[in-house]
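So you can see what is in the structure, the chains are spelled out below.
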Amino acid sequence: MNRGKNEEIEIGISGIRKLTEVVNNRYNFDLAIYASTSLKRRISKIINQKNLRHLDDLIQLLDTQPAFFPEFQLQLSVDGTEFFRDPAFWRSFRDDICKSLDRNHQKIRIWIPGCSSGEEVVSTAITLTEAGVYDKASIVATDLNSRIISESRKKIYQNSLLEISENNYKRFIEDESADFSKYIHKQTQGFTFADDLYKNISYEVYDEPEKSKLKQVNVILCRNYFIYLTAQFQEKLLAAFTDRLMSNGYFAIGNKENISFCKDASKYVLVNESEKIYRKNAG
């Protein structure tokens, strides 16, 4: 096979339809939640990483080897890629949201759906620590299966991630001397974070919204995830978030994402336009 490792594979509509049917029938998982362009790009990446020849090989692998499906879901998940992505968001989260919640609540419950490789989870824990409210907070991090959860929990991160994350942290603090290293432990193969950052974090599989017991959360952080989903599933997911978010609770998406077309958008007020932070209406 002479194909380059990162070369995108051409995937047609009939191939996607066949893959979707196999995954739905075998694993009761609907690939139709993903926007077409994003799905094709990620499937192409999986085929290359597994050294497969074409889409039919991937379909056969999924159809005959159920143990591969959790890995397949993991590869479809949206990576956080860096800590403190969009530093201005984290300043607003610390200075506005955390202060408001600290004034009005004895306990703060935060839900991070689609936690993937855990960068957003750790960034949240550090921000809560910087705001002085970590001890009254609990973070629930969820994703589609236990394999993805295990990849997020106390992960060893590659050193290649450290420089951009340190720079993001300094921009978040607005101080070039800010010390990101106080939170990390260097390892032979990368770096991890201090155990104290994980003490108020729990992890749950969240694969069927209607069956989830998650209720009465103060904050939902779902940044840079909506953009990978179809409009129909965005609508469904926002309805699930609305049901679980307390009145006057906060909901954040990525700064390039949008919920205005969703029916539930009328139940929110935009409190930070540049960082796409919403507050659920009272009542």
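If you're wondering where the values come from, they're calculated on a predicted model, not measured in any experiment.

Draft legend 1. Quick peek at helix α8 (residues 162–173). Its twelve residues give α8 an end-to-end C-alpha distance of 16 Å, which sits within 8% of 16 Å, the value for a rise of 1.5 Å per residue. Every buried residue of α8 is accounted for by L162, S165, N168, Y169 and F172. The buried residues of α8 occupy one face: seen down the axis, they fall within an arc of 125°. Where α8 is buried, its residues meet α5 (87–104), α6 (119–130), β3 (184–187) and β4 (190–193). Once α8 ends, the next one or two residues include E174, with phi positive near 65°.

Draft legend 2. The arrangement of the nonpolar core in detail. Ranked by size, the top nonpolar core spans 51 residues in total, and within it L58, F72 and F251 carry the most contacts. Looking at this core, the elements that each hand over two or more residues are α1 (13–27), α2 (36–49), α3 (55–64), α4 (69–76), β6 (217–221), α9 (231–244) and β7 (245–252). Discounting chain neighbours no more than four positions away, the residues touching L58 are I43, I46, I47, L52, F68 and F72. Of all hydrophobic cores here, the second largest spans 43 residues; its members include C115, V219, L221 and Y250.

Draft legend 3. Fine view of the packing of aromatic side chains. Under the criterion given, the structure shown has 30 aromatic pairs. Their ring planes at 85° and their centres at 6.4 Å tell us that F84 and F180 sit as a pair that is edge-to-face. Remark: F180 occurs in the loop between α8 and β3 and F84 occurs in the loop between α4 and α5; sequence separation between them is 96 residues. Take F84: its relative accessible area is 0%, and that puts it in the buried class. Plain terms: the ring middles of F89 and W90 are 5.0 Å apart, the flat faces sit at 80° to each other, and that makes the pair edge-to-face.

Draft legend 4. Looking closely at the state of the cysteines. The final tally for this structure, using the stated rule, is zero disulfides. Unpaired in this structure, C98 has its nearest cysteine sulfur neighbour in C222, at a distance of 18 Å. On the accessibility criterion, C98 (2% relative accessible area) is buried. Take C222: it sits in no disulfide, and the sulfur closest to it among the cysteines is that of C262, at 11 Å.

Draft legend 5. Structural context of the environment of L161. Summarising the element assignment, L161 is placed in the loop between α7 (146–152) and α8. Residues L161 and A88 lie 73 residues apart in sequence; the distance between their C-alpha atoms is 19 Å. If near-sequence neighbours (up to four positions away) are discounted, L161 is found in contact with T81, E82, F83, E119 and F191.

Draft legend 6. Representation of the sheet that holds strand β8 (residues 268–272) in the model. In spatial order, the strands read β5-β2-β1-β6-β7-β9-β8; together these seven strands make up an open sheet with mixed pairing. What marks the edges here is a single partner per strand, and that holds for β5 (201–205) and β8. Across the sheet, the mean angle from the axis of one strand to that of its neighbour is 25°, orientation sign disregarded. As paired strands, β7 and strand β9 (residues 277–280) are joined by three bridges and run antiparallel to one another. By the bridge assignment for β9, Y250 is matched with R279. Its contacts with the sheet place α6 against β1 (108–113), β2 (137–143), β5 and β6, and it is angled at close to 175° to β2. Along the sheet, α9 contacts β1, β6, β7, β8 and β9; its crossing angle with β7, the most-contacted strand, is approximately 135°.

Draft legend 7. Seen up close, unusual backbone geometry. Despite not being glycine, S116 shows a phi value in the positive range, around 50°. Structurally, S116 is set in the loop between β1 and α6. One non-glycine residue, Q216, lies in the positive phi region at around 55°. With respect to the secondary-structure elements, Q216 resides in the loop between β5 and β6.

Draft legend 8. Inspection of the pairing of β6 at higher detail. Judged by how many residues are buried, β6 sits mostly within the fold: five of five residues are covered. Sheet topology places β1 next to β6; two bridges connect them, and they run parallel. Looking at the pairing, W111 lines up with I220 of β6. Where β6 and β7 come together, four bridges link them in parallel fashion.

Draft legend 9. Summary view of the environment of F89. With respect to the helices and strands, the residue F89 is situated in helix α5. Owing to a relative accessible area of 0%, F89 belongs among the buried residues under this scheme. C-alpha of F89 to C-alpha of I277: the two residues are 188 residues apart in sequence and 8.6 Å apart in space. Once residues within four sequence positions are removed from consideration, F89 is found in contact with L221, R223, A252, E275 and I277.

How each quantity is defined
Residues numbered from 1 in each chain as written. Predicted model: local features only at pLDDT ≥ 70, side-chain atom pairs only at ≥ 80, totals over all residues. Heavy atoms only, no water. Helix = DSSP H or I, 4+ residues; strand = E, 2+ residues; numbered from the N terminus. Expected span 1.5 Å × (residues − 1). Buried < 20%, exposed > 50% of the residue type's maximum accessible area, 1.4 Å probe, protein only. Arc of directions from axis to C-beta. Contact = heavy atoms within 4.5 Å. Core = buried A, V, L, I, M, F, W, Y, C linked by side-chain atoms within 4.5 Å. Phe/Tyr/Trp six-rings, centres within 6.5 Å; stacked < 30°, edge-to-face > 60°. Disulfide = S-S within 2.5 Å. Pairing = 2+ DSSP bridges. Axes fitted to C-alpha atoms, helices over the stretch in contact; angles between N-to-C directions.

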